Each structure stands twice: as structure tokens, then as C-alpha cells.
Amino acid sequence: MNIKTRIKMPEKVSFRLYAGIFFAFLLIFLLLGFPWDSVERRAVFEIQSNSPVPVLVGDAELKGLSSIEFRDISVILGEREPLVIDRARVSAGIFSVIFSDDTRISFSVNAYGGKIDGKVSQNMKKNKVTSAEVDIISLESSAVSRLFLGNEGISVSGKVDGTVKFFGEGESGGISKMEYLLSSPSLSVAVDSVQGFEVKEEYTNLSVVLRGTANRFESRVEKFSLTNPQLSLQAEGKAPSPLRLRKGAALDLSVTFRPSPEDAKLALVGGFLGSQGDGTFSGRIQGTLAEPRIVRGNGGS
């Protein structure tokens, strides 16, 4: 006796069902057979081989389908102290990576007692970053400031907050402009010497604001203020661009400095500028980043 079984196939299968089956099998593959270790090693290799400066990555770990976490990262900056990052996590929407030319990548970095969160937009077709935004939260300034101040007789410490935005050039791609705003309610500045004059003082509880814009050639400092009961320092003008930091880049900052009358050392430092006769000193910082020079203001003798 032959028994025939007839299986009735549905006349129409919805797109949602096909998509559901596809992603179900994709998920099973990713969980059971995906080469996680190979991807992690490849990510570390790409960072180390494409970075303009030497980078050492201690460890990498995939987090889900769209995130990867790096730990114990050291960025070697010539003879200066390395920039050390405790943890960095990078995430990207899997659908935007697959189906879109414009990908939005978010990242989170833990370093120097603080945190940096940001978003980066990248044109995958041209392989260029088109815009980015970075939020700085309670970052310790001492290590970062050493990258710029070096051994110039001035050191900075204290927590810093801020926002930095980067913009591209539209169709041509690539970052060409930036806006920045950095502030601290309580910064400390230790001054060993100024223009060869020994100071050996530390000034604490300084309220600091730095705001400006930059292109590839220069930065326009719209406001730099540094104040506490002992002193008030204001500056604005032209400075080297963070987008293309060069030791030979030009400086041209107008400076106004008002020390406390009771602080004799600060008054002597003010003497490098021109006295305005009311306890205020003014002048300019010109030259280059590698060789700055102080020029007295019109009131100076």
C-alpha cells in the first residue's frame, strides 16, 4: 500500500518572513562559527599599520555585532611621554555599514581619569571622514598639556571639560575646519621660569576658558582667559592649528595681564610686557611655536 503525502506550499511568502529566516541563520552563524579572534587581530593590525605615529594595543575584544573594545593603548609621540589610553570602544551601525555610503561611528575613551565621547561621520565610498564631534568630560590636563608645553618651564594640572567639532569640505571630503571650547573651574599652573626669569610659583583655583576656530593653516583664538584672585590673563589672536601642528607655525597673540599688587613675582613677570599705568600689562606673543617671543605693548618703555 502506497501512502502519498502531499505537502502544500504557501502560494506567497512575505518579505518579512524571508528576512526573518535570513537574519536568524546569520545570527546562528555569528554566534557559533564567526572567527572572532581573526577580526580582533585584524582590527589591531589596521590601527597599528595605518596610524601616522606608532601605536601599541594591549588587547582587543568584540562586543556584540557592531562594537569592538581596545585596552591598554599607548601612542608614541617621538621623544615625548607616550599618550596612554586605558580603554577605547568603537561602535558602528551594522546596517549603515552594509547598505549606506555614509557611516556614523561612535566611540568612547577612558583616559587620564576622565572620559571622551564622540561621533564620526565617514564617507565609505571616498574613505574620508566628513565630520566629527567630541565631548570631553573631566579629563586630567597634566598629561595632555605636556604634549604641547614640553619643557618650557610651565606645567598645568586639573580637570578639563569641553566640546570640539570637526567639519569637512562637502564633496571633496576630509576634515578642514574645527570649533573648540574648553573650560575648567579649577586649574593649577606651576611656573618655573618665564623668558629665563625664575618664578618657582604655583597658581591654583584658576578659572579657564579657551574658545576658537581653526582651519588647516591657523587657529583663531577668540577667547583665552585665566583668572583667580591673584591674577587675570586674557589673550586672543592667531595660533598654530591643531589640525596641522608644526613647530614652525606662526604665533600672534595679544595679551593683557593684571597681577595682584601684593604678588611681587607676578609683577616682575608683567614687566616683560608694557605697563599701562593702572596695574595692567599688555603686549603680544609672536614668533613661532618653537621660538615664541614677547613684544611689549604700546605702553611699555
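Presented here is a report on the structure given in the accompanying data block.

Below, the discussion takes up the overall build of the chain. When helices and strands are tallied, the chain shows five helices and 16 strands. Counting only carbon and sulfur atoms, one obtains 57% of the accessible surface of the chain, whose full area is about 19,100 Å².

Once that is clear, we can look at the nonpolar core. Soluble, globular proteins show a tendency: their nonpolar side chains are buried together. Core analysis: the biggest nonpolar cluster contains 25 residues, and Ile-68, Phe-70, Ile-73, Ile-85, Val-109, Val-164 and Tyr-180 have the highest contact counts within it. Elements with a minimum of two residues in this core: α2 (36–50), β1 (55–63), β2 (67–75), β3 (83–92), β4 (102–111), β6 (128–140), β9 (175–194) and β13 (250–259). Tallying contributions element by element places β1 first for this core, with four residues. Residues Leu-187, Val-208, Phe-257 and Leu-273 belong to the second largest nonpolar core, which totals 16 residues.

Here we come to unusual backbone geometry. Positive phi values are uncommon outside glycine, yet Asp-72 reaches one of about 55 degrees. The residue Ser-138 is not glycine, and still its phi comes out positive at about 55 degrees. Tracing the sequence through the fold places Ser-138 in strand β6. Among the residues examined, Ser-138 registers a relative accessible area of 31% and is labelled partly exposed.

Take the side chain of Ser-241 next. Relative to the elements of secondary structure, Ser-241 occurs in the loop between β12 (231–239) and β13. With relative accessibility at 1%, the residue Ser-241 sits in the buried group. One polar contact links the side chain of Ser-241 to the main-chain carbonyl oxygen of Asn-215, over a distance of 2.5 Å. In contact with Ser-241, other than residues within four places in its own chain, are Ala-214, Asn-215, Arg-216, Phe-217, Glu-218 and Ser-219.

Mapped onto the elements of the fold, Val-57 is located in strand β1. The class of Val-57 is buried, set by a relative accessible area of 15%. Considering only alpha carbons, one finds Val-57 and Ile-85, 28 residues apart in sequence, at a separation of 9.5 Å. Excluding residues that lie within four positions of it along the chain, Val-57 makes contacts with Val-44, Gln-48, Phe-70, Arg-71 and Asp-72.

Take the environment of Asn-110 next. As for its placement among the helices and strands, Asn-110 is situated in strand β4. Residues Asn-110 and Ile-85 lie 25 residues apart in sequence; the distance between their C-alpha atoms is 6.4 Å. The contacts of Asn-110, once residues within four sequence positions are left out, are Ile-85, Asp-86, Arg-87 and Lys-115. Within the structure, Asn-110 has its side chain in polar contact with the side chain of Arg-87 (distance 2.6 Å).

Strand direction decides the pairing type here: strand β15 (residues 281–288) and strand β16 (residues 292–296), joined by five bridges, are antiparallel. Directly across from Arg-284, in β16, lies its bridge partner Val-295. Counted along the chain from β15 to the antiparallel partner β16, the turn is three residues long.

What follows deals with the pattern of salt bridges. One pass over the structure, following the stated rule, counts eight salt bridges. Across the pair Glu-222 and Arg-211 runs a salt bridge whose closest N-O atoms are separated by 3.4 Å. Placement of Glu-222 in strand β11 (residues 219–228) and of Arg-211 in strand β10 (residues 197–214) is noted, with a sequence separation of eleven residues between them. A residue is classified by how much of its surface remains accessible, and Glu-222, at 39% relative accessible area, is partly exposed. Ionic pairing is found between Arg-220 and Glu-218, a salt bridge with its closest N-O pair at 3.6 Å. Residue Arg-220 is classed as partly exposed on the basis of its relative accessible area of 40%. A single salt-bridge network, built from bridges that share partners, covers Asp-59, Glu-61, Glu-69, Arg-71 and Arg-87.

Rules behind the numbers
Residues numbered from 1 in each chain as written. Predicted model: local features only at pLDDT ≥ 70, side-chain atom pairs only at ≥ 80, totals over all residues. Heavy atoms only, no water. Helix = DSSP H or I, 4+ residues; strand = E, 2+ residues; numbered from the N terminus. Areas by Shrake-Rupley, 256 points an atom, 1.4 Å probe, with all protein chains shown as cover. Core = buried A, V, L, I, M, F, W, Y, C linked by side-chain atoms within 4.5 Å. Buried < 20%, exposed > 50% of the residue type's maximum accessible area, 1.4 Å probe, protein only. Polar contact = N/O pair within 3.5 Å; in protein donor to acceptor, adjacent residues only side chain to side chain. Contact = heavy atoms within 4.5 Å. Pairing = 2+ DSSP bridges. Salt bridge = Lys/Arg side-chain N within 4 Å of Asp/Glu carboxyl O.

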